[in-house]
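# Structure assessment
Chain by chain, the residues:
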Amino acid sequence: MPSSPMIGYAHVTKSFGSLMALSDVSLDVAEGEFVAIVGGSGSGKTTLLRLANRLIEADGGTITVEGEDVRDVDPVALRRRIGYVFQSGGLFPHLSVADNIGITPRLLGVSAADIAARVDELLELVQLDRAAHRDRLPEALSGGQRQRVGVARALAARPRIVLMDEPFGALDPLTRDALGDDYRSLHRKLGLTTVMITHDMTEALLLADRIAVMRGGQLRAQGTPDELTRSGDAYVLELLRTPRRQADRLNALLPQSGAA
Ligand SMILES: Nc1ncnc2c1ncn2[C@@H]1O[C@H](COP(=O)(O)OP(=O)(O)OP(=O)(O)O)[C@@H](O)[C@H]1O
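Quantities reported herein were computed from a predicted structural model and do not represent experimental measurements.

### Focus on the UniProt feature "domain: ABC transporter" (unreviewed entry) in the protein
Per the UniProt entry, the sites bearing "domain: ABC transporter" (unreviewed entry) are residues 7–241 in this numbering. In residues 7–241, the share of helix is 40% and the share of strand is 26%. The end C-alpha atoms are 29 Å apart.

This is the structure we're talking about:
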């Protein structure tokens, strides 16, 4: 018998006033999976993500996390079990890197010495030099460094699930690529279950095991890249056409000998 999903959405609906933000969405995320949610602006991606940690409450349907109905779990306890990475890092500007990373362990009553050790461990994990970054304020970091701190903070309480809302969207392409690859390695190494929002189908194809495509509050398709290509949904096929076209053009433009 298959085990219950780490995150399960069953027939979930959510409205804001007269606007139907999510309509009958069902999606399972298995333990250890990396799922990307792809879709245009306003398609319901953030709403879907935030229902899992009760930053938003559903109107209908059921959401489970690690087999428990989220309505039966205290929202604060739930949020401490689930790491969350914000688009712009979401760091507290007046707190140092170390204090930003240590904030959840501190709320959980971990001792100062253990927090300091955990901060060092996390900085190493996200590949930031400890001595150089520990005491800086977020304003003294590059966008990529801020996102690395955001990932470290999300992992501080050793969650098994990480939710990421467009985490690498605002970065230059090289930094974005490096961070995506590094996060993917962390996901595997720590045995995490990750759900990441992105506008970018190419990023989703390169990083995720499975992709869920949202449009107008509906889940249009979900599956591996191969399954998506066979979905038959015109919007999904259009989203897949762009990365394919770009890959073909790049292959034609870049001489193979330059691919060092
Ligand atoms: N708190 C709210 N009050 C009213 N409407 C909301 C609220 N949150 C979201 N919405 C609306 O619900 C719809 C879905 O929003 P959501 O943020 O989930 O989309 P999204 O796909 O994440 O978009 P983006 O990529 O622009 O962040 C949008 O039309 C949005 O305006």
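After presenting the structure, the write-up continues.
### Regarding the pairing of strand E7 (residues 161–165)
Most of E7 sits inside the fold, with 5 of its 5 residues counted as buried. Here E7 shows no split at all, with Ile 161, Leu 163 and Asp 165 on one side and Val 162 and Met 164 on the other all buried. Judged from the 5 bridges that link them, E7 and strand E8 (residues 193–198) form a sheet pairing that is parallel. The residue bridging Asp 165 from the neighbouring strand is Ile 197, located in E8. Taken together, E7, helix H8 (residues 173–189) and E8 form a β-α-β motif whose crossover is right-handed.

### A look at the sheet that holds strand E1 (residues 7–16)
Taken together, the 4 strands give an open sheet; going across it, the order is E2-E1-E4-E5, and neighbouring strands pair in antiparallel fashion. In this open sheet, the two strands that pair with only one neighbour each are strand E2 (19–29) and strand E5 (68–69). As judged from the 2 bridges shared by strand E4 (residues 60–65) and E5, these two strands associate in the antiparallel manner. Bridge pairing in E5 links Val 65 to Glu 68.

The rules we used
- Residues numbered from 1 in each chain as written.
- Predicted model: local features only at pLDDT ≥ 70, side-chain atom pairs only at ≥ 80, totals over all residues.
- Heavy atoms only, no water.
- UniProt positions renumbered as here; feature names shortened; annotations may be inferred.
- Helix = DSSP H or I, 4+ residues; strand = E, 2+ residues; numbered from the N terminus.
- Buried < 20%, exposed > 50% of the residue type's maximum accessible area, 1.4 Å probe, protein only.
- Pairing = 2+ DSSP bridges.
- Right-handed = clockwise from strand over helix to strand, strands pointing away.

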